[in-house]
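Here is how the chains run, residue by residue.
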Amino acid sequence: MGKSAKYLIFSLFALISFGGVSVAQSIRYDFDEVEVRYAAEFTARSANVDPGNWIVQIAGGVDQPITVLYGVVNLKRGGENQLVEEFIRVSGQGGSERFLLNSAVYNYYEGTTNYRDIKSFFWSAKKLVDNSVVKDFTPPIKSINLHRTFSASQQINSIQLSFSSNGEQAAAEFWSSLPTENLYGADSNAINQSGVPTATAAQ
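Residues numbered from 1 in each chain as written. Predicted model: local features only at pLDDT ≥ 70, side-chain atom pairs only at ≥ 80, totals over all residues. Heavy atoms only, no water.

A.B. asks: Tell me about the pattern of salt bridges, residues and numbers included.
C.D. replies: Here the structure, examined in full by the defined rule, presents two salt bridges. Glu85 serves as the salt-bridge partner of Lys126, at 2.9 Å between the closest nitrogen and oxygen. A residue pair is termed long-range when its members are at least 10 positions apart, and Lys126 in strand 7 (residues 126–129) and Glu85 in strand 4 (residues 80–92) qualify at 41 residues. For the residue pair Lys126 and Glu85, the accessibility class agrees, reading buried in each case. Residue Lys142 pairs with Glu97 through a salt bridge whose shortest N-O separation is 2.7 Å. Linking Lys142 in the loop between strand 8 (132–135) and strand 9 (143–150) with Glu97 in strand 5 (residues 95–108), this pair joins segments that are 45 residues apart in sequence. Look at Lys142 and you get partly exposed, because its relative accessible area is 23%. (Salt bridge = Lys/Arg side-chain N within 4 Å of Asp/Glu carboxyl O. Helix = DSSP H or I, 4+ residues; strand = E, 2+ residues; numbered from the N terminus. Buried < 20%, exposed > 50% of the residue type's maximum accessible area, 1.4 Å probe, protein only.)

Encoded structure:
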């Protein structure tokens, strides 16, 4: 395993292991072991972000980039898989936020099981606290829509993220269309990744 892959996996373990937020109401899924299936880190820049969007404070300004760490992991307890989770962390000059997957939509190349694109919805209503996956619907709910496109050989073609300060509205709109506002785009040629790019929580 190369140095960059080891760094990615260490970063993902840090993302999963370090908790400490308070919650008002929660549903918990406990685990004691993490197995990393895929990890990716990349820089994304704004295309048309509203200055009042929550991600601008994280980035440090509308013209500042963000760093994104995304991963797919098996969460285990007593050596047995409890569930598969997808994590995302966005960070910049103003700090960081991290969320867990809530929903996903998969589109395929016709006549195959190869992904054409995957649309993933993350929000602050589902997060990690110590060694527990916690659902907490205390407002405000922030969200991230991650849209990835793939070549027929299942390599990443493009990555686009959209951020919303109204997670409940964004969740309702997630199923009908792709976002056109508050977008950040990644340089798909500069992704530091380890594992299978098409790994998902659904597999």
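A.B. asks: Run through the packing of aromatic side chains, naming residues and quoting values.
C.D. replies: If you walk through the whole model with that rule in mind, you get 12 aromatic pairs. On the basis of an interplanar angle of 85 degrees and a centroid distance of 5.9 Å, the ring pair of Trp123 and Phe137 is categorised as edge-to-face. Of the two residues, Trp123 is situated in strand 6 (residues 115–123) and Phe137 in the loop between strand 8 and strand 9; the sequence distance between them amounts to 14 residues. With relative accessibility at 41%, the residue Phe137 sits in the partly exposed group. Through a chain of ring-to-ring contacts, three or more aromatic side chains come together here, namely Phe121, Trp123, Phe137, Phe174 and Trp175. Across from the ring centre of Phe174, 4.6 Å away, lies the NZ or CZ of Lys119, which sits over that ring. (Phe/Tyr/Trp six-rings, centres within 6.5 Å; stacked < 30°, edge-to-face > 60°. Lys NZ or Arg CZ within 6 Å of the ring centre and 35° of its normal.)

A.B. asks: Summarise the nonpolar core; cite the residues concerned and give the values.
C.D. replies: Ile55, Ile66, Ile144, Leu161 and Phe163 are the most contacted members of the largest nonpolar core, which totals 33 residues. Examining the composition of this core, we find that five residues originate from one element, helix 2 (residues 54–59), more than from any other. When residues no more than four places from it in sequence are discounted, the contact partners of Ile66 are Phe42, Thr43, Ala44, Ile55, Ala59, Val90, Ser91, Phe163 and Tyr184. (Core = buried A, V, L, I, M, F, W, Y, C linked by side-chain atoms within 4.5 Å. Contact = heavy atoms within 4.5 Å.)

A.B. asks: A description of the confidence of the model for the protein should follow, citing residues and the corresponding values.
C.D. replies: Taken as a whole, the protein shows an average pLDDT of 83; of its residues, 80% reach a score of 70 or greater. Here helix 1 (residues 3–17) stands out as the element of the protein with the lowest mean pLDDT, 49, in contrast to helix 2, whose mean of 97 is the highest. Segment residues 15–26: pLDDT under 50, and 33 contacts once partners within four positions in sequence are set aside and those in other chains are kept. (pLDDT = per-residue confidence, 0-100.)

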